[in-house]
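Breakdown of the fold
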Amino acid sequence: MAEVGQIALTVVMGGILFAVATFLTRIEDWRSYRPLASGGGYVGERTGRTHHEEKPAGIVRWLTTVDHKDIGMLYGVYGLVAFAFGGVAVLLMRAELAVPEEAFIGANFYNSLLTTHGITMLFLFGTPIIAAFGNYFVPLLIGADDMAFPRINAIAFWLLPPAAILIWAGFPLATLTGGEVEPAQTAWTMYTPLSAEQANPGVDLMLLGLHLSGVSATMGAINFIATIFTERGEEVDWANLDIFSWTMLTQSGLILFAFPLLGSVLVMLLLDRNFGTTFFTVEGGGAVLYQHLFWFFGHPEVYILVLPPMGLVSLILPRFSGRKLFGFKFVVYSTLAIGVLSFGVWAHHMFSVGMDPRIRASFMAVSLAIAIPSAVKVFNWITTMWNGRLRLTAPMLFCIGFVQNFIIGGVTGVFLASIPVDLVLHDTYYVVGHFHFIVMGAIAVAGFAGIYYWFPLYTGRMYQKTLAKIHFWLTMIGSNVTFIAMLVLGYGGMPRRYATYLPQFAALHVVATVGAFVMAFGQLVFVYNLVVSWLEGPRVESGDPWNLEEDGMLTHEWTWFERKRETDLALTDGGERVEDPRTSKDE
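Residues numbered from 1 in each chain as written. Predicted model: local features only at pLDDT ≥ 70, side-chain atom pairs only at ≥ 80, totals over all residues. Heavy atoms only, no water.

1. Regarding the overall build of the chain
Across its full length, the chain holds 20 helices and two strands. Counting across all 587 residues of the chain, residues that qualify as buried make up 56%. The long-range share in the chain, meaning contacts at least 24 apart out of those at least 6 apart in sequence, stands at 78%. Per element, the accessible surface of the chain, about 24300 Å² overall, is 68% carbon and sulfur. (Helix = DSSP H or I, 4+ residues; strand = E, 2+ residues; numbered from the N terminus. Buried < 20%, exposed > 50% of the residue type's maximum accessible area, 1.4 Å probe, protein only. Contact = heavy atoms within 4.5 Å. Areas by Shrake-Rupley, 256 points an atom, 1.4 Å probe, with all protein chains shown as cover.)

2. Observations concerning the pattern of salt bridges
Applying the stated criterion across every chain, the model contains eight salt bridges. Across the salt bridge formed by Arg389 and Asp551, the nearest N and O atoms sit 2.5 Å from each other. On the criterion of sequence distance, the pair formed by Arg389 in the loop between helix H14 (371-385) and helix H15 (394-416) and Asp551 in the loop between helix H19 (506-536) and helix H20 (556-571) is long-range, its members being 162 residues apart. Judged by relative accessible area, Arg389 falls into the partly exposed class, the value being 41%. We classify Asp551 as partly exposed; its relative accessible area is 24%. Three or more residues joined by partner-sharing salt bridges are found here, namely Asp427, Arg496 and Arg497. (Salt bridge = Lys/Arg side-chain N within 4 Å of Asp/Glu carboxyl O.)

3. As for helix H18 (residues 465-492)
Between the first and last C-alpha of H18 there are 41 Å, a value that for 28 residues agrees with the 40 Å anticipated at 1.5 Å per step. Just beyond H18, the residue with positive phi is Gly493, at close to 100°. (Expected span 1.5 Å × (residues − 1).)

4. Comments concerning the environment of Arg94
On the secondary structure map, Arg94 appears in helix H3 (residues 68-96). Overall, Arg94 belongs to the buried group, its relative accessible area being 4%. Placed 419 residues apart in sequence, Arg94 and Thr513 show a C-alpha to C-alpha distance of 5.2 Å. Not counting residues within four places of it along the chain, the set of residues in contact with Arg94 comprises Tyr429, Met486, His509, Ala512, Thr513 and Ala516.

5. Here's the deal with the packing of H3 against helix H4 (residues 107-142)
For the pair H3 and H4, the least separation of the axes is 7 Å and the interaxial angle reads 155°. Classified by the angle their axes make, H3 and H4 are roughly antiparallel. Between H3 and H4 lies a crossing whose hand is left-handed. (Axes fitted to C-alpha atoms, helices over the stretch in contact; angles between N-to-C directions. Parallel < 35°, antiparallel > 145°, perpendicular 65-115°, else oblique. Left-handed = near helix turned anticlockwise from the far one by under 90°.)

6. What to know about unusual backbone geometry
That bond from Thr192 to Pro193 is cis: its omega, 5°, falls within 30 degrees of zero. You can see Pro193 is positioned in the loop between helix H7 (170-176) and helix H8 (194-197). If you check the backbone angles, Asn387 has positive phi at about 60° while not being a glycine. Looking at the secondary structure, you find Asn387 in the loop between H14 and H15. Residue class for Asn387 comes out exposed when judged on its relative accessible area of 74%. We note that Arg497 has phi near 70°; this positive angle belongs to a residue other than glycine.

7. A look at the confidence of the model for the chain
Residues at a pLDDT of 70 or more form 87% of the chain, whose mean pLDDT is 87. Low pLDDT (under 50) marks residues 1-6, which in the prediction has five contacts with non-local residues, meaning those over four places away or in another chain. (pLDDT = per-residue confidence, 0-100.)

8. As for the side chain of Lys377
Note on placement: Lys377 falls in helix H14. With no salt bridge to any partner, buried Lys377 finds its closest opposite charge in Asp242, at an N-O distance of 12 Å. In terms of polar contacts, Lys377 uses its side chain to reach the backbone carbonyl oxygen of Val331, at 3.2 Å. (Lys, Arg positive; Asp, Glu negative; His and termini not counted. Polar contact = N/O pair within 3.5 Å; in protein donor to acceptor, adjacent residues only side chain to side chain.)

9. Quick look at the nonpolar core
Residues Phe137, Trp381, Phe402, Phe406 and Trp454 are the most contacted members of the largest nonpolar core, which totals 169 residues. Considering each element in turn, this core owes the most residues, 22 residues, to helix H17 (residues 429-459). Residue contacts for Phe137: discarding those within four places in its chain leaves Trp454, Leu457, Tyr458 and Glu557. (Core = buried A, V, L, I, M, F, W, Y, C linked by side-chain atoms within 4.5 Å.)

10. Remarks on a nonpolar patch on the surface
On the surface, a nonpolar cluster with roughly 450 Å² of combined accessible area is contributed by Phe149, Ile152, Ile222, Leu256 and Phe257. Here Ile222 is to be found in helix H9 (residues 201-230). (Patch = residues over 30% accessible without salt bridge, like charges linked within 9 Å, V, L, I, M, F, W, Y side chains within 5 Å.)

11. Some details on the packing of aromatic side chains
Scanning the entire structure with this criterion turns up 53 aromatic pairs. A cation over an aromatic ring shows up here: Arg61 above the ring of Trp62, its NZ or CZ 4.4 Å from the ring centre. When the ring centre of Trp238 is taken as reference, the NZ or CZ atom of Arg232 above it lies at 4.2 Å. (Phe/Tyr/Trp six-rings, centres within 6.5 Å; stacked < 30°, edge-to-face > 60°. Lys NZ or Arg CZ within 6 Å of the ring centre and 35° of its normal.)

12. Structural notes on the environment of His211
As for its position among the elements, His211 is in helix H9. Put simply, His211 and Val267 are 56 residues apart on the chain and 8.2 Å apart in space, counted from C-alpha to C-alpha. The residues touching His211, leaving out its near neighbours within four places in the chain, are Gly263, Leu266 and Val267.

13. A look at the packing of H4 against helix H6 (residues 160-168)
The contact between H4 and H6 brings their axes to 11 Å, and the two run at 170°. Of the possible angle classes, the one that applies to H4 and H6 is roughly antiparallel. Contacts between H4 and H6 involve Thr116, Ile119, Thr120, Leu124 and Pro128 from the first element and Leu160, Ala164, Ile167 and Trp168 from the second. A breakdown of the residues in the contact of H4 with H6 according to their chemical character gives seven nonpolar, two polar and no charged. (Nonpolar A, V, L, I, M, F, W, Y, C, P; charged D, E, K, R; others polar.)

14. Section: H3
Over its 29 residues, H3 extends 42 Å from the first C-alpha to the last, a length consistent with the 42 Å expected when each residue adds 1.5 Å. Two to three positions downstream of the cap, the backbone nitrogen of Lys69 sits 2.9 Å from a side-chain oxygen, assigning the N-cap of H3 to Asp67.

What follows is the structure in structure tokens.
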């Protein structure tokens, strides 16, 4: 009966999700358009090219919008909510790990949090927060009116909330069903045979949620590729395309080739779990087949997550160095090289599974080679700052923090690419420390740089600069204390994914836990600063709040911001809207 109920639940949830997707694709006439005499255009604002009717007010606006800026904001809020969920999960885990024995949440709940934390940070925070920047700023940077497919853009976002609900559903359902449905306890990699044999409908819900997030990412990637290829302004060609758009284009190409592999492996795993197929059983393809398919997606996913933050740093760091990015073409070429090489390194996650030593050596060679284009970027960032006129604003501090953390994360990754070292350190906390230096120490830190840099643009206000610097130092100190402690734990032989451990590891676990709570306090400062500054921060009085024009570093989005400010002033007189002189009398 339990198996029948599990299959029925899977079918029902799949039917509901299909119905939601069908409904969204059939909605027509989301908004009436009224172009100006000067040309066609887009939603809810007046620019030199475009004008549309006012957006609806309240929640209806956000539920029906196809404006790339609104969708970017939705992605950003969604990503920050997921970041908070993942952060709370890791604080509970670190509290459990403060002592060697089970003392706080227990091993089973620890395993559930471990699984959900990893999936949330990678798929519900990492990819969406990048999509937030991409949706809002890529059209502005390339001089486009909007994304190439605005409605597909909206659908791609609205697939994510049900994905999060499915991935997180095991926690409330465990209480409501008396434990019949529980959160998945497979770890974020969902390795078989554990994930195939764990008789828990929560695993199916998680797999369906992951599949939805993959569909969303793929739709978004197609949109970015079409936008950058076809919607660029007349003055933007491949030679002067900004570096952030280059990284978004490369990321989208990686998504297009990598995420279908994730979708395929999730479908096969669902079939093994519910319909008795043998894709990943001993008598079928085997557990190693799962690892090959998963990591063929999984390692490009690392670069899917890190390339756009590299683009953010490459865009922002020169603005506060007072000089152009050193070796722009080499940064672009290294980005493309990383995109190509990333598909040839997946098996370095599998050095210990017993593959042919000759094949293993070839993967080691490519894994070491991919460090070269990453090093090119690091040298270019450092050279850009060298003898520059540095301004240590919050965006610049976070860019420098990104470079520092990325160097540590990259160098520790080079060690793991070496077969003899990896065989010793595999599945220890060294891998956890290395990976978190990249995901939290680099990707999230670059995200903070982007949020602070563009905060005046999307709010019209300035953040509290002292609080932003407090956020920076708490984040950097907390992340380095935590992740360096993890690296040392790994050298000592502490295995990862364990809720209990030997007493000799206790001191370093306490250090890591203290660092994690310091980092968490920094994020509370960030949220407070974000909310208060959004509501009450001082209004910016210029379309160039960072004084970029002095160094000739003003980019297209700030030009758009200045036009928007001028238009808002022209359309407002004592708070009342007045006629736009560009609108024809006949309208």
